[in-house]
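The chain contents come next:
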Amino acid sequence: MDRASGLWIRQLCSGLQRRAGVKQQCSLSVCAVPARQCSSVGYTDDGDRALLDRVIRVDHAGEYGANRIYAGQMAVLGRSSVGPIIQHMWNQEKDHLKKFDELMVANRVRPTILLPFWNVAGFVLGAGTALLGKNGAMACTVAVEETISNHYNNQIRTLMESDPEKHKELLQTIKKFRDDEMEHHDTGLEHDAELAPAYSVLKTVIQAGCRAAVYLSERV
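Residues numbered from 1 in each chain as written. Predicted model: local features only at pLDDT ≥ 70, side-chain atom pairs only at ≥ 80, totals over all residues. Heavy atoms only, no water.

(A) Geometry of the UniProt feature "binding site: Fe cation 1" (unreviewed entry) in the protein. Under the present numbering, the feature "binding site: Fe cation 1" (unreviewed entry) in UniProt falls on Glu63, Glu93, His96 and Glu181. Spanning 119 residues, the annotated positions come together in the fold, the maximum distance between their C-alpha atoms being 10.4 Å. Look at glutamate 63 and you get buried, because its relative accessible area is 1%. Excluding residues within four positions of it along the chain, glutamate 63 makes contact with Glu93, His96, Leu97, Phe100, Tyr152, Phe177 and Glu181. Not counting residues within four places of it along the chain, the set of residues in contact with glutamate 93 comprises Glu63, Ala66, Asn67, Tyr70, Glu145, Glu181 and His184. (UniProt positions renumbered as here; feature names shortened; annotations may be inferred. Buried < 20%, exposed > 50% of the residue type's maximum accessible area, 1.4 Å probe, protein only. Contact = heavy atoms within 4.5 Å.)

So this is what it looks like as structure tokens:
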């Protein structure tokens, strides 16, 4: 990692710690040592540690991206009839992101270095589909939330196979958020997502992008 990237990650981690109300400790800060040298209580095994890092990092990135998508939708449709519906879903996504911010700090997991890209890409996706109208925004919601729900289901299976007792709290969080995402998916369908222009093509393209984002955020 180059010097600029290292500085950016340290600054981001400091912000996450402030949001979670955690004071920095110079000798133990997640930003002061490489992620592979960190350890959390109950996660002394290297395999468990790697799994925890991967799960929290990618889920934090996903919830961050979802927040930016809804921000883009609200920028276009906030004053329309579907504004309150989009705001309700966005509020839930804000709660999801806050929780993963806290988990990042508590478990000393570094964020993906791609967050600046997801910041822009998420907002552009949300605003761009909203410019197609209400149906376009809802089609985006269906595509994204279906992908995230499937991703959460895969994580649940992986964590259950690894050690359900050790991962109990994380499993409860992911299951709750998975249910929220499915609620958003269903809301999109109820509000005419399938009537969006070129719905099938739009959904396929968005989901391909989401899967690529998941793959990259798990690894970098």
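Anyway, onward from the coordinates.
(B) Seen up close, the packing of helix 3 (residues 83-106) against helix 5 (residues 134-162). Two numbers describe how helix 3 lies on helix 5: the axes approach to 13 Å, and their chain directions differ by 30°. Considering the angle they form, helix 3 stands roughly parallel to helix 5. In the crossing of helix 3 with helix 5, the sense of the turn from one axis to the other is left-handed. Of helix 5, the residues touching helix 3 (which contributes Ile85, Ile86, Met89, Glu93 and Phe100) are Met138, Thr141, Glu145 and Tyr152. Here the residues of the contact of helix 3 with helix 5 are counted per class, giving 6 nonpolar, 1 polar and 2 charged. (Axes fitted to C-alpha atoms, helices over the stretch in contact; angles between N-to-C directions. Helix = DSSP H or I, 4+ residues; strand = E, 2+ residues; numbered from the N terminus. Parallel < 35°, antiparallel > 145°, perpendicular 65-115°, else oblique. Left-handed = near helix turned anticlockwise from the far one by under 90°. Nonpolar A, V, L, I, M, F, W, Y, C, P; charged D, E, K, R; others polar.)

(C) Local environment of helix 6 (residues 168-190). Compared with the 33 Å implied by 1.5 Å per residue over 23 residues, the 33 Å span of helix 6 between its first and last C-alpha is a close match. Of the residues flanking the end of helix 6, it is aspartate 192, one or two places downstream, whose phi is positive at about 70°. (Expected span 1.5 Å × (residues − 1).)

(D) Examining the nonpolar core more closely. With 39 residues, the main nonpolar core has Ile56, Ile86, Val144, Leu159, Leu170, Ile174 and Ile206 as its most contacted residues. Of all elements in the fold, only helix 2 (46-77), helix 3, helix 5, helix 6 and helix 7 (199-219) reach the threshold of two or more residues within this core. Sorting elements by how many residues they give to this core places helix 5 first, with 11 residues. With near-sequence residues (within four places) excluded, leucine 159 lies in contact with Leu51, Val55, Pro164, His167, Leu170, Leu171 and Ile174. (Core = buried A, V, L, I, M, F, W, Y, C linked by side-chain atoms within 4.5 Å.)

(E) Looking closely at the packing of aromatic side chains. Evaluation of the coordinates by the stated rule reveals 2 aromatic pairs. Both rings, one in phenylalanine 100 and one in phenylalanine 177, keep their centres 5.8 Å apart while their planes meet at 65°; by these two values the pair is edge-to-face. Here phenylalanine 177 lies in helix 6 and phenylalanine 100 lies in helix 3, a separation of 77 residues in the sequence. Grouping residues by exposure puts phenylalanine 100 and phenylalanine 177 together as buried. Relative to tryptophan 118, the ring of phenylalanine 117 has its centre 4.9 Å away and its plane inclined at 65°; by these criteria the two rings are edge-to-face. Given a relative accessible area of 11%, tryptophan 118 falls into the buried group. Of note, lysine 94 hangs over the ring of tryptophan 90, and the distance from its end group to the ring centre comes to 4.1 Å. Positioned above the aromatic ring of tyrosine 215 is the side chain of arginine 219, whose terminal nitrogen or guanidinium carbon lies 3.8 Å from the ring centre. (Phe/Tyr/Trp six-rings, centres within 6.5 Å; stacked < 30°, edge-to-face > 60°. Lys NZ or Arg CZ within 6 Å of the ring centre and 35° of its normal.)

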